[in-house]
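This is what each chain is made of:
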Amino acid sequence: MDDLEKAILISFDESGTIDSLIKVQAAAFIQHVKDEPSITSICVEKFCVSNLVEVKFWCLQCIHEILRGRYSSMSPEEKDMIRKSVFSIACGEPVHANDTNLARIFESPSFVKNKLAQIIVTLISYEYPEIWSSVFVDFLHKLGKGAAVIDMFCRVLNVMDNELISLDYPRSEENVAMAGKIKDAMREQCVPQLVRAWYDIVSMYKNSDTGLCCSVLESMRKYVSWIDKGLIANDAFTKLLFELMLVEGLPDQLRAAASGAVLAVVSKRMEFESKLALLQSLQISRVFRLVTDDSGSELVSGVASLLTGYAVEVLECSKHLTPGDGKEVSIELLNEVLPSVFTIIQNGEVDSTFSIVHFLSVYVGTMKNHSTLTDRQLLHLGQILEVIRMQIQFDPMYRYNLDILDKIGQQEADSMAEFRKDFFILLRSVGRVAPDLTQIFIKNSLSSSVSSSEDRNVEKVEASLSLLYALGESPNDEAMRTANGLLGELILMLLSTRFSCHSNRLVGHVYLDTITRYMKFVSEIEQYIPILLSAFLDERGIHHPNVNVSRRASYLFMKVVKLLKTKLVPYIETILQSLQDTVAQFTRMGRLSNDVSVSEDGSHIFQAIGLLIGMEKVPREKQSDYLSSLLTPLCQQVEVTISNAKPQNPEEFLLQIENLQQIIVAINALSKGFSPRLVTSTRPGIGLMFKKTLDTLLKILVVFPKVEPLRSTVTSFIHRMVDTLGSFIFPYLPNALGQLLIESEPKELVGFLVLLNQLICRFGTAVRDILESVYPVIASRAFSILPTNDIPSGPGSCGEEIREMQELQKTFFLFLNFIATHELSSVFLSPKSTPHLDSMMQLLLYNCCNHKDINVRKTCVQVFIRLIKDWCAGPYGRETLPGFQRFIIETFAVNCCLYSVLDKSFEFRDPNTFLLFGEIVTAQKVMYEKLGNDFLLYFVSKCFPSIHCPQDLAEQYCQKLQGNNVKALKSFYKSLVERLRPLQNGSLVYR
């Protein structure tokens, strides 16, 4: 072993036992050898004499790198030497006269042979056909030397397909052109001989060397797409390939390889007439039995791919051929192969390249314009429906995970939901071309599930219900309303069915979703209403043992009540009686399960009850009794809890808080069923009940002033009562707002401001006294929390605190905007509010010029516009607020209307920014209308010169501002800003 061999072995060593310094030295030595001018000769020589696999591979790898890196600079002699050497090695021939081991390459591992093939292919890419024009002919002449040379030649063909020819990989235009040149030359020179060689080799070795025959067939499969179809699709070759598939004594590997070759022939691109003739000539029915026999899995997979590929091609022919050109023949061939395709799909033998949904969708699409379907088409559609049902079924191994919906179950549910989308589209396509067949299939599927007493049919029931649910997306409203015939029978069967596996979460969910989807049908046939109510009120719905299903049922029942409403009046007593335990349980259960959706927390049952008993069709006395029977015990529970609010251990305290939350949520949901007109006008007694309830719930704020969850739920109820009671809520507001003002944290203050904004929008100037009372406190807290400039962020700042402060800032600006734009700006001038005016002006000014959120800037500008209108009503000198007009002219106008828009960050192409710009232009117009020449002279004579505005443009600005066309003013001012920006040189400073 010489030094080079030692260095190569060290470089390949992965054991970790060799010192890193030695590995560095070895790498340096190897690089030194690589730099030798005669490196290619060294590699050839070393390959021929060394017995070490690592050395052989290194030599070939080195030659390959040199060819790829500096082929163009190599001498003709060196290229010739490499060419002759590697070809001799590939054919097991001596490179030098003294070589003794001629077959050295054939003893090497596959990765060494593949590297040699890679070198030959690299040479072909540079030299064929101009320089090494005989490479393929030379190889073909050497195939008689035996299996080892044939194997090497197959490797060359496979590597050439992968690296040069195949379009399965992205290629540059240059590489595509090179591949075309190689294929053209091969077609002209050697393809017929190559095909003959394939035929002879497979014929000769089929009983003696399976691996070799498979290699040849694999190479052939790759090349069929671009050689003359007649060379392969002829009697002799087709007979050989089908013999290989059908003779049972041959290994499955070889039979599967033959099916792959036939598939390549079937998939070859050609005119549809020619393709149909080819497909017909294959007599493919000969291999149908292979997918049903007890054949080896490799053979079944191969034949399955062949048949599905064949079916795709036949279907394409049937789409594109006309009746006179062979359409009937293609349909017959398709009908012949489809049963086998269905068998393949049902047995799970589908190749990854075959799209079940796409193929079946195209097939169903061919029937769209048929007025009547044949018996065979109906049979196939039935099989397609069975395929859909089978494909969308959950794996029973995940049944427990899906029932408790743990992490694994959630992942499986999400994956299946995505997987099902295309299959449901296919289902609806079948439903459109054969509605009766589809409905009968689903009905039979459900019937067979009902008849089974075992719970092992959970997945089948769920799949059948999901089919019916998905089908409900396609019927139009008319079909849903009439729903006579099969669909009507199916829906009636659904409503009256109790599955043995109904306790399963999946089944319970989809059952409820499905009957809700067909609600329009039930609404038209009133005799079905009692059956529908039973489904929702018994253990299939609200009384389901699984809390997730029960809560889902509550939510869906609320939707049902919304739809049917007046038709349910005769059943109110029955419904309330059935829900007594559910209502009581909800307000006792405390903490919500973590796996229950917030949107389905169970409170919807109270909303459903509210919708039922809140209708004016319910007699006055009964309505009062119903509401009292619900509100009284709930309010009593609140009173008891408040009276027992003493220091307790943390767990008891938490349970107490959660119980109160549940009660408030329930009352809130219940109130949604009562209209403001009924509560305040037609039946004021109902309004009185809600007032008393509000009075009771406000006591919670007194007893638990700093418990945020309770503050939040009580605030939510006050919001509701504002809408429900209208102005009748006013007597309760001072107490409520006073209690809510106790807390001053940003999050609580945001909730309080949102409530005030609702009051302003609803009642306008009627809340002036309330605002004058609370605004000073709000302003004091807001200005102490919010910085005048940007909210700090970045390292050292808490993300949650920053978000809360940003939310407070945004809500506070909206609050100021609502006050200003609802004729309430005098609130800012009340004696207790005036100390906060300067802070408010500075905060608004900075943010209307600099805030990152354009919408916030717009909100602040709108406040200024309104204040200018309200406080600058007279000529200069008669001020509502001393100093305000000067502030507007010298500070707001300059900084907001001029400097902020000149900044390059003010992007006119952004839609929101352009809306802000519109408000800024409006502000200028309002300033001119209210302040006249005092504004105009200062703005034009003092500000415009500082930004290098030419006199003629300043005069045009005055004309536009004094005119009546605001749109023209906006357009001119935009162009003015864009012309002035390049003249600023960073000289603008916010003041």
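Conventions we followed
- Residues numbered from 1 in each chain as written.
- Predicted model: local features only at pLDDT ≥ 70, side-chain atom pairs only at ≥ 80, totals over all residues.
- Heavy atoms only, no water.
- Salt bridge = Lys/Arg side-chain N within 4 Å of Asp/Glu carboxyl O.
- Helix = DSSP H or I, 4+ residues; strand = E, 2+ residues; numbered from the N terminus.
- Buried < 20%, exposed > 50% of the residue type's maximum accessible area, 1.4 Å probe, protein only.
- UniProt positions renumbered as here; feature names shortened; annotations may be inferred.
- 1 Å grid on protein atoms, 1.4 Å probe; cavity = no way out; pocket = protein on both sides within 12 Å on 5 of 7 lines; lining within 4 Å.
- Points joined across faces, edges and corners; volume = space filled by probe spheres on them.
- Nonpolar A, V, L, I, M, F, W, Y, C, P; charged D, E, K, R; others polar.
- Phe/Tyr/Trp six-rings, centres within 6.5 Å; stacked < 30°, edge-to-face > 60°.
- Contact = heavy atoms within 4.5 Å.
- Axes fitted to C-alpha atoms, helices over the stretch in contact; angles between N-to-C directions.
- Left-handed = near helix turned anticlockwise from the far one by under 90°.

A. Up close: the pattern of salt bridges. Tallied over the entire structure, the rule returns 40 salt bridges. One salt bridge in this structure joins E218 and R221, with 2.7 Å as the shortest N-O distance. Of the two residues, E218 and R221 are both situated in helix α11 (residues 210-223); the distance of 3 residues between them amounts to about one turn of the helix. Its salt-bridge partner being E313, residue K275 comes within 2.7 Å of it at the nearest N-O pair. Taken together, the positions of K275 in helix α15 (residues 272-282) and E313 in helix α16 (residues 297-320) put the pair 38 residues apart, joining distant regions of the chain. As far as the burial class goes, K275 and E313 line up, both buried. Salt bridges here are not isolated pairs; linked through shared partners, they connect D80, R83, K84 and E127.

B. Looking closely at the UniProt feature "domain: Exportin-1/Importin-beta-like" (unreviewed entry) in the protein. In the UniProt entry, the feature "domain: Exportin-1/Importin-beta-like" (unreviewed entry) is given for residues 109-258. Secondary structure across residues 109-258 divides into 76% helix and 0% strand, with the first and last C-alpha atoms of the span separated by 26 Å.

C. Geometry of empty space enclosed by the protein. The tally for this structure, following the rule as stated, stands at 3 cavities of 30 Å³ or more. Considered as a void within the structure, the largest cavity measures approximately 50 Å³ in volume. Here the residues of the lining of the largest cavity sort into 6 nonpolar, 1 polar and no charged.

D. Just the packing of aromatic side chains, in detail. Under the defined criterion, the tally for this structure stands at 35 aromatic pairs. Considering the side-chain rings of F354 and F359, the 5.4 Å spacing of their centres and the 50 degrees angle between planes classify their relative orientation as tilted. Per residue, the accessibility class of F354 equals that of F359, and both read buried. Note on F499 and Y511: the rings are 6.4 Å apart at their centroids and 85 degrees apart in plane angle, and the pair reads as edge-to-face. With F499 in the loop between α25 (486-496) and α26 (505-517) and Y511 in helix α26, the pair connects residues that are 12 residues apart, well separated along the chain.

E. Molecular detail of the environment of F394. With respect to the secondary-structure elements, F394 resides in the loop between α19 (375-391) and α20 (399-404). On the accessibility criterion, F394 (6% relative accessible area) is buried. Sequence separation between F394 and I642 is 248 residues; the distance between their C-alpha atoms is 50 Å. In this structure F394 touches L402, E412, A413, M416, R420, E459, E462 and L506, once residues within four positions along its chain are discounted.

F. Structural detail: the packing of helix α39 (residues 768-785) against helix α40 (residues 799-821). Axis separation between α39 and α40 bottoms out at 12 Å; the angle between their running directions is 145 degrees. The chirality of how α39 crosses α40 is left-handed. Residue-level inspection shows L771, Y775, I778, A782, F783 and I785 of α39 in contact with α40, the latter providing M805, L808, F812, F815, L816 and I819. Within the contact of α39 with α40, the residues separate by chemical class into 12 nonpolar, no polar and no charged.

G. Molecular detail of the side chain of R83. Here R83 is to be found in helix α5 (residues 76-90). The contact partners of R83, leaving out residues within four places of it in the chain, are L123, E127, I131 and W132.

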